[in-house]
Amino acid sequence: MTVAPVAAAHTVPRPYQSYLYAYPHKTAYRPLEPRPALDQLWAGESRQALSLYLHIPFCEVRCGFCNLFTRVGAPDGLTGRYLDALSRQAVAVREALGDEPPPRFANAAFGGGTPTFLEAAELERLCDIAERDMGADLRSVPLSVEASPATASADRLAVLVRRGATRLSLGVQSFVEEEARAAVRPQRRADVEAALTRIRESAVPVLNIDLIYGIDGQTTASWRYSLDAALAWRPEEIYLYPLYIRPLTGLGRHADARIADRDWDEQRLRLYREGRDHLLSEGYEQVSMRMFRRADAPSQGPDDYACQTDGMIGLGCGARSYTSALHYSFDYAVSMREVRAIIDDYSATEDFSRALHGRWVDEDEARRRHLLQSLLQAEGLESGDYLRRFGTTPADDFAAELDVLARRGWLQDAGTERFRLSPEGLAHSDAIGPEFFSQAVRDAMTAYESK
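Residues numbered from 1 in each chain as written. Predicted model: local features only at pLDDT ≥ 70, side-chain atom pairs only at ≥ 80, totals over all residues. Heavy atoms only, no water.

Caption draft 1: Representation of the pairing of strand E7 (residues 167-173) within the structure. Burial within E7 is extensive, with 7 of its 7 residues counted as buried. Of the pairings in the sheet, the one linking strand E6 (residues 143-147) to E7 comprises 4 bridges and is parallel in character. Across the sheet, Glu146 pairs through a bridge with Ser169, a residue of E7. The handedness of the E6 to E7 crossover, carried by helix H4 (residues 154-162), is right-handed. As paired elements, E7 and strand E8 (residues 206-213) share 6 bridges and run parallel to each other. (Buried < 20%, exposed > 50% of the residue type's maximum accessible area, 1.4 Å probe, protein only. Helix = DSSP H or I, 4+ residues; strand = E, 2+ residues; numbered from the N terminus. Pairing = 2+ DSSP bridges. Right-handed = clockwise from strand over helix to strand, strands pointing away.)

Pasting the structure below:
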């Protein structure tokens, strides 16, 4: 197999390099020529435990740190046209999946953007698209929905809970108003608390609160203040995100070179450790670098989806889909002008029968993806699962990379049965991920032109 360059053990990379939420990264995708038909892509693929994701690319405000595929506001009728296109895409994808055997969805999620930007009646329609057009049973699987304090209204929450939402993720980022403004996320503390009250009154089983560390002016004391303000609501989950400054984002336009120096790295690491240790002392268990779950949190329901191996259906112009051989989506951009054009093109599309942009995944890339999706979780990488899938062990395929991690003290358990990151290894997850990228993916990401 092809092996990426390995860093020396004594050379500790910068801790905040790339947030790995999927591999290969979307900046490694390219226009597909020829454009493969979806029914051919999914022929022979397992349909027993698919994940369903519906993407809503609208927000009431764009945060200064945000590089997600989203736009601020929507001209009259745009959300309706977008949902029309989402329905056409769902029908086309469901037809491509066929009924031999019929697809089964193990979980579902509405993300964005901000799905709750949609009005209550539009959220009803969104659920109808997932159920009637796509064939998912939202009331029988875990359903996660992202929201913002300004859009978590009682009528919207009522629709989501009635239609089966088991998890509501609220992007708070900071309970300190000055810090929220510094992150270009202006919001009043009272409005955040009011939204949390409505969410708790809605009785959604799992509340997640997102917090960000590394904001300009943030101190250990103000970080602890936000942590304690979140803990007062006893959320079932808390995500701790490091602040990143990305090209073409609001903060990115104003950053100078000092923002990216090692002093900022050390500040973020210090705040991360403070947050991690505080949550662990408050009865939370660490699931990954970012995710902490209350030890007594209720289950969201059965979920047998395995991100390393099972397929994903993404609907919407910012969503990805995964087969075993191809990861695909629509075009990607960050700048407002480009995002608006892509959303407009998507909303006018009639034929969704082919994949347009993506990256083919060979066995080497599949090994890397399986390792990264497992190793960066607190429970680690099970060698037996990897062996059954590929016929080799992680130590066979990535001996040099794993040895580097071990010599840095970032592997807690490097035995033959399981590879698990140490606490400091988890803290450096955003540095570990890129070290396992293939050279081809690195080259494609480097060649990508931001737009």
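Moving on from the model shown.
Caption draft 2: Summary view of the side chain of Thr79. Inspection of the secondary structure assignment puts Thr79 in helix H2 (residues 78-97). On the basis of relative accessible area, Thr79 is assigned to the buried category, the value being 12%. Side chain to side chain, Thr79 and Glu122 meet in a polar contact 2.6 Å long. Excluding its chain neighbours within four sequence positions, the residues that come into contact with Thr79 are Phe58, Ala74, Phe117, Leu118 and Glu122. (Polar contact = N/O pair within 3.5 Å; in protein donor to acceptor, adjacent residues only side chain to side chain. Contact = heavy atoms within 4.5 Å.)

Caption draft 3: Region of the structure containing the packing of helix H3 (residues 120-133) against H4. Packing of H3 against H4 leaves a shortest axis separation of 8 Å and a crossing angle of 20°. Overall, the two elements H3 and H4 adopt an arrangement that is roughly parallel. Where H3 crosses over H4, the handedness of that crossing is right-handed. Packed against H3, whose contacting residues are Ala120, Leu123 and Glu124, the element H4 presents Asp155, Arg156, Val159, Leu160 and Arg162 at the interface. (Axes fitted to C-alpha atoms, helices over the stretch in contact; angles between N-to-C directions. Parallel < 35°, antiparallel > 145°, perpendicular 65-115°, else oblique. Left-handed = near helix turned anticlockwise from the far one by under 90°.)

Caption draft 4: A look at the pairing of strand E2 (residues 50-56). With 7 of 7 residues buried, E2 lies mostly within the body of the structure. Here E2 shows no split at all, with Leu50, Leu52, Leu54 and Ile56 on one side and Ser51, Tyr53 and His55 on the other all buried. Bridge count for E2 against strand E5 (residues 105-112) is 7 bridges, and the pairing is parallel. Opposite Ser51, over in E5, you have Asn107 as the bridge partner. Where E2 lies against strand E12 (residues 312-315), 4 bridges are found, and the strand directions are parallel. Opposite Leu54, over in E12, you have Leu315 as the bridge partner.

Caption draft 5: Structural view of the packing of aromatic side chains. For the structure on display, the rule yields 15 aromatic pairs. Centre to centre, the rings of Tyr239 and Tyr241 are 5.7 Å apart; their planes meet at 20°, and the pair counts as stacked. When its relative accessible area of 17% is taken as the criterion, Tyr239 is described as buried. Look at Phe398 and Phe436: their rings are 5.7 Å apart centre to centre, the planes differ by 65°, and that puts the pair in the edge-to-face class. Here Phe436 lies in the loop between helix H15 (429-435) and helix H16 (439-447) and Phe398 lies in the loop between helix H12 (394-397) and helix H13 (399-408), a separation of 38 residues in the sequence. Lying over the aromatic face of Tyr244, Arg268 brings its terminal NZ or CZ to 5.9 Å of the ring centre. (Phe/Tyr/Trp six-rings, centres within 6.5 Å; stacked < 30°, edge-to-face > 60°. Lys NZ or Arg CZ within 6 Å of the ring centre and 35° of its normal.)

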